[in-house]
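# Structural description and commentary
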Amino acid sequence: MRAPSGLLGPRGPLPLALLCLLAAARGSLAEGQPSVSPLTSLPIEEERITKYSNLSLESHNIPPTVSPLTSLPIEEERITKYSNLSLESHNIPPTASPLTSLPIRGEMMTKYSNLSLESHNISLTEHSNVPVEKNITLERPSNIELTCQITISRGVNSVNVTWKKGDELLENYLTNATGCILYAQYMFTIINSKQMGSYSCFFGGEKEQRGTFNFKVPEIHGKNKPLITYVGDSTVLMCKCQHCSPLHWTWYHSNGSVQVPIDVQMSEKYAINRTNANETRLKIMQLTEDNQGSYWCHAVFQLGESEERVQLVVLSYLVPLKPFLGIVVEVAILVAVILLCETYTQKKKKHIDDGKEFEQVEQLKSDDTNGVENNAPRHRKNESVSQ
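Residues numbered from 1 in each chain as written. Predicted model: local features only at pLDDT ≥ 70, side-chain atom pairs only at ≥ 80, totals over all residues. Heavy atoms only, no water.

### What about the nonpolar core?
If you look at soluble globular proteins, the nonpolar side chains tend to sit buried side by side. Which entries qualify depends on this criterion: In this description, a nonpolar core means a group of buried Ala, Val, Leu, Ile, Met, Phe, Trp, Tyr and Cys residues linked to one another through side-chain atoms lying within 4.5 Å. A simple rule labels every residue: compare its accessible area, found with a 1.4 Å probe on the protein chains alone, to the largest value its type can have, and call it buried under 20%, exposed over 50%, or partly exposed in between. By definition, any uninterrupted DSSP run of H or I lasting at least four residues is a helix, any uninterrupted run of E lasting at least two residues is a strand, and each is numbered from the N terminus. Contacts are assigned to residue pairs with any non-hydrogen atoms lying within 4.5 Å of each other.
Ranked by internal contacts, the top residues of the largest apolar core, which has 47 residues, are W163, F203, F215 and Y295. For this core, the leading source of residues is strand β9 (residues 181-190), giving five residues. Setting aside residues up to four positions removed in sequence, F203 forms contacts with L124, C148, Q149, I150, V159, N160, V161, L182, A184, E208 and Q209.

### Re the confidence of the model for the protein
Operational definition: pLDDT is a per-residue confidence score from the predictor, ranging from 0 to 100.
Counting all residues, the mean pLDDT for the protein is 74, and 62% of those residues have values of 70 or more. Overall, residues 1-14 carries pLDDT values under 50, and its contacts beyond four positions in sequence, including any with other chains, amount to nine contacts. The low-confidence segment residues 85-102, where pLDDT is below 50, has 31 contacts with residues more than four positions distant or belonging to other chains.

### Side note on the UniProt feature "transmembrane region" (unreviewed entry) in the protein
Using the following cut-off: UniProt positions are given in the numbering used here, feature names are shortened, and annotations may be inferred rather than shown by experiment.
Here the UniProt feature "transmembrane region" (unreviewed entry) sits at residues 324-341. Helix makes up 100% of residues 324-341 and strand 0%, and the two end C-alpha atoms of the span are 26 Å apart.

### Side note on the pattern of salt bridges
As a reminder, the rule being used: Just to be clear on terms, a salt bridge is a Lys or Arg side-chain nitrogen sitting within 4 Å of an Asp or Glu carboxyl oxygen.
Overall, the coordinates contain three salt bridges when judged by the stated rule. Two residues, E279 and R281, come together in a salt bridge whose shortest N-O distance is 3.4 Å. On the basis of relative accessibility, which here comes to 10%, the residue E279 falls in the buried class. Overall, the relative accessible area of 31% leaves R281 in the partly exposed class.

### Quick word on the sheet that holds strand β16 (residues 270-273)
Selection criterion: In this analysis, strands are considered paired if DSSP registers two or more bridges between them. What counts as an axis is a line fitted to C-alpha atoms, over the stretch in contact for a helix, and the angles between N-to-C directions run from 0 to 180 degrees.
Strand order in the open sheet made by the three strands is β13-β17-β16, with antiparallel pairing throughout. Strands with a single pairing partner mark the edges of an open sheet, and in this sheet they are β13 (235-240) and β16. With direction set aside, neighbouring strand axes in the sheet form an average angle of 20 degrees. In this structure, β16 lies alongside strand β17 (residues 279-284), joined through four bridges in antiparallel fashion. Across the sheet, the residue bridging to A271 is K283, located in β17.

Structure representation (structure tokens):
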């Protein structure tokens, strides 16, 4: 019996077992079912494993009825491909409050978990006539949680809630209702000066209500009234920050519109005392009138800058004498006026007396003349009588 052509081996007919194996393999290939696992038979999988052997896998769990990590071939491929990476898992509890269940909240808290949390609230009513504002002083980067609540007598579903930073519309805020109280919450992280400013919540309805949170760096406090000193003396200007510690202090002098930094290393006239972190002292020696003007203390914080003005007035020693000299001059003028008046009065009185005396002399002369004239007829009469 001859074996069929094409089935002969190099040394004779093939064994019957080998023929059966070939027939089974042909049938399996005809049905499109490989007889070996694709994870171990495909060369491309070995190539990928070799290429990315230095990476590890990041996996996110979603609990199904069958674990994808053990039943699907692609999960085994990923685990092998990224075996050197750490596993990070994020779970969202289905019964959690809507104010804490968004993934962005967990991501933010994880990223800035080393920062402190600042929580601030504003309460509104639907009949408020004036917007409510709250000023918040922030010195360093922090996680911020802002909550606005409003009491609504009608249904809370008719109220539209929005958040804005200035005029910019914000997203990813949260809302929740408990009875007739509607809550709106916005959580974010302030890490630089650009994120400072005003954040407002708006409740739209028949009458829009607004609550505003104003974020600013700490204020610097100096002397409110001008500091007055004299030429040749020394003085100390001070600025202080309550319950804060600026990163850096700088002093400026302005005798007009231009501020000039004060460099203590370039001039022996100035000295800056940095004993306490929350205050600064500028000492000015051998004052002249050119040193007067406005001095600015400038504080730098992680989230912005703040400054305060101190006014310095330098006077000469003649200045206190000016009022006294003015009084002396006024007294001298008054005395001179009085003397002039007295002199004029005396002269006028003297002229009056002289006039009266002249009139009396003239009167006496006229009387004497009249007496002589009256005596002459008497003598004549007497002479005639005697004859």
